[in-house]
Amino acid sequence: MLPSTWRRLFQHPSTRYLAVLVGLSVALWLPRLRGPLDLRYDAGVYYVLGTSLAEGRGYRLLSEPGAIQAVQYPPLLPALVAVHQRLAGTSDPAIVGHWLRITYAILFLTYVIAVYFLAGRFLPPGFAFLTALITLLHVQSSWMSDLLFAEIPFALLTVLFLLTSRSARSGMAGVLATAGYLLRSVGIAALVAWVAESFLRRNSRQLISRAAVSLVPVLGWQLYIGHVQASPEYAHPTYAYQRAPYQYYNVSYLENIRYVDPFVPELGTVSTGAMAARMAGALVRMPASLGESVSSRAEWSESQIERLNAEVLSTPIPVWIVQVPLVLLGVLSLIGLVLLTQKGELLIPLYVLGSIALVGLTPWPGQFERYLAPLTPILALALLVTLLAFRQWLSAQSTRARGLGMGIMVTLLVGVLGQEAFAIYKVYTKQHRDVEYLDARGVQHTQRLFFYTQAWRTHDAALDWLRRMAGPEDVIATSTPHWAYLKTGSRAVLPPFEADVRAARRLLEEVPVTYLVVDSLEFLDVSRRYAAPVARAYPREWNLIYSSEDSTSRIYRRADAPAVALNAEPSSGVK
């Protein structure tokens, strides 16, 4: 009896599809289970905040002088880090980071399975499988799950929220949406969509209960931010520019996005008209961005065309042609949202539109790919809804039209999956590299990270050297303050974003900064634009004590800084 039951189970299409999805998920994770989760970029902030919670010190940025209270990131992901640290009995990133990597592997697998079941509510098993496969193979799914970012946990909670919103346990949807908001501020889109759905369905009782549930996390977090901003600590920071609006880790999103460009604050703040223009520009770019969310980054396809033009073709292909299929995919996804609305599904379209509106408010178009990553399964679902409707429409057409239409649909799907597979193959083979790192005892280990460029390698070498030089009371100015804090143990700050070199000099003195780190990192050039000019303008005040062989990473020490017992020879790092 049991064997026949198992035989029927494995003969079911859903079981076979799930087995393939699980197998592919495991295959994508096996090469990257070694070492800690990637703690670069914003991941370092989450880890530092988690350490503060684990140590019972409140919600504080321990990397900052004065260990100031944090107001930007909601606390759920740091709380997850704190749980791992308490269970591990240590805050050593080499140990805790490894357990976080395993946790993220489990979250990734659960996410892919949840996407399949969500898609199965609207699509036949084969189309639901394709929805999950598009999500699984997207480079952002692997990249975001390799970082201690909130995107993958948030995407999982969102999918589960949409799954449970119409189930018998619909109350769980409120819990999941609340947890999503406490992971990422953009989670407010799910809460607003949840309430708006009740309003549009004219269900007054449900509207009141959903609004009450939604207000709890939103008001709670905003009251906390207001309490911190009204405190004497906030009004009188440890150093002059600690709470400047361009200090994007130390202030709220609302303060930071008021700039024309938060990384170039001298451009000023946006007016109401400029904010409207920003939104309009984002909406113009959005179809192509949505297309990237269900395929791959435009610049990768553009680089392929440029190579073909240079090496193979006598008549070059215009690079702009890459935008055509991306816009088409984005439009088809939007059509799918309309079709879902016509079928009575309001929550998914409302959530997507709310998320797009919030993303459009931000002044970082280069970050759209990351911000839209949690929408990949929803947009893939909408795309497949459109293609399913197209297939059903073809069934009433002539044989020739059906053949042509099916050919177009198959070509589109093969193109999407083929481009995704090619992109993820290139990333795993060309952009997934061995990286050496030190644990808390100074013992060297090896891990594998995505997009660990030569610039990162030289920057990390500089910080490893500085670890032997800096004392516990020293302060480092760098474009990667939280990463520097985790690697060196010394307090670290962003340099002042001041175009006036005299103002920047004065602000650095007020911290006071001991070490000035200049890097060549691609994602942010603030150390080159705002820190390096100070060292050049005042060479007697800033001594060059370290330079990489190519001079792309340099460390300057304040000439009048108090003497410390050095653990490394200064000349060992100087070119």
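Structural data are supplied above this passage.
Quantities reported herein were computed from a predicted structural model and do not represent experimental measurements. (Residues numbered from 1 in each chain as written. Predicted model: local features only at pLDDT ≥ 70, side-chain atom pairs only at ≥ 80, totals over all residues. Heavy atoms only, no water.)

## Comments concerning the overall build of the protein chain
In step 1: Within the protein chain one finds 24 helices and seven strands.
In step 2: Taken against the 2.2 N^0.38 rule, which gives 25 Å for 575 residues, the C-alpha radius of gyration of the protein chain at 25 Å falls within 12% of a compact globule.
In step 3: Considering only C-alpha atoms, the protein chain reaches an extent of 85 × 65 × 60 Å along its principal axes.
In step 4: For the protein chain, with 575 residues in total, the buried portion stands at 53%.
In step 5: Looking at the protein chain alone, contacts between residues at least 24 apart form 70% of all its contacts between residues at least 6 apart. (Helix = DSSP H or I, 4+ residues; strand = E, 2+ residues; numbered from the N terminus. Rg over C-alpha atoms; globule rule 2.2 N^0.38 Å. Buried < 20%, exposed > 50% of the residue type's maximum accessible area, 1.4 Å probe, protein only. Contact = heavy atoms within 4.5 Å.)

## Description of helix 10 (residues 188-200)
In step 1: Across its 13 residues, helix 10 extends 18 Å between first and last C-alpha, which sits within 8% of the 18 Å expected from 1.5 Å per residue.
In step 2: For helix 10, the complete set of buried residues consists of Ala 189, Ala 190, Leu 191, Ala 193, Trp 194, Val 195, Glu 197 and Ser 198.
In step 3: The inward-facing, buried residues of helix 10 contact helix 8 (151-164), helix 9 (171-181), helix 11 (204-229) and helix 17 (347-361).
In step 4: Just downstream of helix 10 lies Arg 202, where phi reads positive at about 55°. (Expected span 1.5 Å × (residues − 1).)

## Concerning the sheet that holds strand 5 (residues 515-518)
In step 1: An order of 4-3-5-7-6 is seen for the five strands of this open sheet, with the pairing classed as mixed. Across the chains shown, the open sheet's two edge strands, defined by having one partner strand only, are strand 4 (491-493) and strand 6 (542-547). Adjacent strand axes in the sheet meet at a mean angle of 25°, parallel and antiparallel pairs treated alike.
In step 2: Taken together, the four bridges between strand 5 and strand 7 (residues 554-558) define a ladder with antiparallel strand orientation. Across the sheet, the residue bridging to Val 518 is Arg 554, located in strand 7.
In step 3: With respect to the sheet, helix 21 (residues 454-467) is in contact with strand 3 (475-477), strand 5, strand 6 and strand 7, its orientation differing from that of strand 6 by roughly 115°.
In step 4: The strands touched by helix 22 (residues 481-488) within the sheet are strand 3 and strand 4, with strand 4 carrying the most contacts at an inclination of about 165°. (Pairing = 2+ DSSP bridges. Axes fitted to C-alpha atoms, helices over the stretch in contact; angles between N-to-C directions.)

## Let's talk about the pattern of salt bridges
In step 1: Summed over all chains, the structure comprises 22 salt bridges.
In step 2: In this structure, Arg 121 engages Glu 345 in a salt bridge whose closest nitrogen and oxygen atoms are separated by 3.7 Å. Of the two residues, Arg 121 is situated in the loop between helix 5 (93-120) and helix 6 (125-137) and Glu 345 in the loop between helix 16 (323-342) and helix 17; the sequence distance between them amounts to 224 residues.
In step 3: Judged by relative accessible area, Arg 121 falls into the partly exposed class, the value being 34%.
In step 4: With its nearest N and O atoms 2.9 Å apart, the salt bridge here joins Asp 434 to Arg 448. Taken together, the positions of Asp 434 in strand 1 (residues 432-438) and Arg 448 in strand 2 (residues 444-450) put the pair 14 residues apart, joining distant regions of the chain.
In step 5: Residues joined by salt bridges that share partners form a network here, namely Asp 42, Glu 151, Arg 184 and Arg 370. (Salt bridge = Lys/Arg side-chain N within 4 Å of Asp/Glu carboxyl O.)

## A word on the packing of aromatic side chains
In step 1: The tally for this structure, following the rule as stated, stands at 25 aromatic pairs.
In step 2: Ring centres 5.4 Å apart and planes at 85° place the aromatic pair Tyr 248 and Phe 263 in the edge-to-face group. Taken as a pair, Tyr 248 in the loop between helix 12 (232-235) and helix 13 (253-256) and Phe 263 in the loop between helix 13 and helix 14 (272-293) lie far apart in primary sequence, 15 residues in all.
In step 3: A relative accessible area of 9% places Tyr 248 in the buried class.
In step 4: Measuring from ring centre to ring centre gives 5.3 Å for Phe 497 and Tyr 530, while their planes differ by 10°; the resulting arrangement is stacked. With a gap of 33 residues between them, Phe 497 in the loop between strand 4 and helix 23 (501-510) and Tyr 530 in helix 24 (residues 526-537) connect regions that are remote in the sequence.
In step 5: Residue Tyr 530 is classed as buried on the basis of its relative accessible area, which comes to 3%.
In step 6: Cluster of aromatic residues (ring-pair linked, three or more members): Tyr 239, Tyr 241, Tyr 246, Tyr 248, Tyr 249, Phe 263, Phe 497 and Tyr 530. (Phe/Tyr/Trp six-rings, centres within 6.5 Å; stacked < 30°, edge-to-face > 60°.)

## Details of the layout of surface pockets
In step 1: Computed from the structure, the second largest pocket encloses a volume of approximately 540 Å³.
In step 2: Along its surface, the second largest pocket is lined by 29 residues, and Asp 92, Pro 93, Tyr 485, Leu 486 and Lys 487 are the ones closest to its centre.
In step 3: Sorting the residues of the lining of the second largest pocket by element identifies helix 3 (43-54), helix 5, strand 1, strand 2, helix 21 and helix 22 as the ones contributing at least two each.
In step 4: Within the lining of the second largest pocket, the residues separate by chemical class into 15 nonpolar, five polar and nine charged. (1 Å grid on protein atoms, 1.4 Å probe; cavity = no way out; pocket = protein on both sides within 12 Å on 5 of 7 lines; lining within 4 Å. Points joined across faces, edges and corners; volume = space filled by probe spheres on them. Nonpolar A, V, L, I, M, F, W, Y, C, P; charged D, E, K, R; others polar.)

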